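The primary structure of each chain is shown beneath.
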Amino acid sequence: LEFRSVELLDENGAQRCIQVNTPTPPKAPSWFINAIEIDIASAGKSVTQPVQQDWVTWELTGIPYEANAYDELWTLAIKTFWGVLALFAAASITGFWALQKLLEPLREVVVQAKAIGERRFTKIAIPQTTEFADVARSMNELSERIQTMLSNEAALLSEKKASHDVDEVTGLLNRETFIDHFST
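Residues numbered from 1 in each chain as written. Predicted model: local features only at pLDDT ≥ 70, side-chain atom pairs only at ≥ 80, totals over all residues. Heavy atoms only, no water.

## Digging into the overall build of the protein
Okay, step 1: Assigned secondary structure in the protein consists of four helices and four strands.
Okay, step 2: Compactness check: the protein gives a C-alpha radius of gyration of 46 Å against a globular reference of 16 Å for 184 residues, more than 25% above the reference.
Okay, step 3: Overall, the C-alpha framework of the protein stretches about 150 × 35 × 20 Å when taken along its three principal axes.
Okay, step 4: Out of the 184 residues in the protein, the part that is buried amounts to 17%.
Okay, step 5: Pairs at least 24 apart in sequence give 48% of the contacts found in the protein among residues at least 6 apart. (Helix = DSSP H or I, 4+ residues; strand = E, 2+ residues; numbered from the N terminus. Rg over C-alpha atoms; globule rule 2.2 N^0.38 Å. Buried < 20%, exposed > 50% of the residue type's maximum accessible area, 1.4 Å probe, protein only. Contact = heavy atoms within 4.5 Å.)

See below:
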């Protein structure tokens, strides 16, 4: 029911007809109705009608049922809530995916750093992100330098060991190396 009551007044303001409707209870919760005040004005319309040989103007007035306004506002609020929630969920999923995509080069750098610690010298692809590209290039250079440095140190250590084990004058194994060699 749209109107609580509909009233018809004649040209003198006398009530000619009134229809009072029994309102249906609102679907909106009471806390919602109490939280929001809606001022609903009555609706009126002049009705002109011929009576015998004269025109008579009557006034038709309707007093709206405010529960309809609250019900429509409640329905709109629920739809808005679910729409915003769906939008938030979509934005969260998109943001999570974008963040994972952006952090992928950083994870590769971490894997490369662990590999260097295990004496595995890998190179990673240079990402398109400027900041990560600089880090990736630096890590690749570091990996290469450490590999070169360790290779040079290993060669130097091997030379030192060989020169330590051999007598410089005779070119034969020195006494300690000779005894160690034959005692095992």
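## Examining the sheet that holds strand β4 (residues 54-64)
Okay, step 1: Pairing in this open sheet of four strands is antiparallel, and the strands run β2-β1-β4-β3 from one edge to the other. The strands lining the two open edges of the sheet, one partner per strand, are β2 (15-20) and β3 (43-51). Averaged over all neighbouring strand pairs, the angle between strand axes comes to 15 degrees, with direction disregarded.
Okay, step 2: Alignment of strand β1 (residues 3-9) against β2, held across five bridges, turns out to be antiparallel. Following the sheet pairing, Glu7 is matched in β2 by Ile18. (Pairing = 2+ DSSP bridges. Axes fitted to C-alpha atoms, helices over the stretch in contact; angles between N-to-C directions.)

## Points about the packing of aromatic side chains
Okay, step 1: Under the defined criterion, the tally for this structure stands at five aromatic pairs.
Okay, step 2: Geometrically, the ring pair formed by Phe32 and Trp74 is edge-to-face, given 4.9 Å between the ring centres and 65 degrees between the ring planes. Remark: Trp74 occurs in helix α2 (residues 66-117) and Phe32 occurs in helix α1 (residues 30-35); sequence separation between them is 42 residues.
Okay, step 3: Taking relative accessible area as the criterion, Phe32 reaches 7% and is therefore assigned buried.
Okay, step 4: Ring centres 5.1 Å apart and planes at 70 degrees place the aromatic pair Phe81 and Trp82 in the edge-to-face group.
Okay, step 5: For Phe81, a relative accessible area of 46% gives the class partly exposed.
Okay, step 6: One aromatic cluster is present, formed by Trp31, Phe32 and Trp74 through successive ring pairs. (Phe/Tyr/Trp six-rings, centres within 6.5 Å; stacked < 30°, edge-to-face > 60°.)

## Points about the pattern of salt bridges
Okay, step 1: Throughout the structure, instances matching the rule amount to six salt bridges.
Okay, step 2: We note a salt bridge from Glu118 to Arg120, for which the minimum N-O separation is 2.6 Å. (Salt bridge = Lys/Arg side-chain N within 4 Å of Asp/Glu carboxyl O.)

## A closer look at the nonpolar core
Okay, step 1: In terms of nonpolar packing, the biggest core is built from five residues, these being Val109, Ile116, Ile124, Ala136 and Met139.
Okay, step 2: Elements with a minimum of two residues in this core: α2 and α3 (130-165). (Core = buried A, V, L, I, M, F, W, Y, C linked by side-chain atoms within 4.5 Å.)

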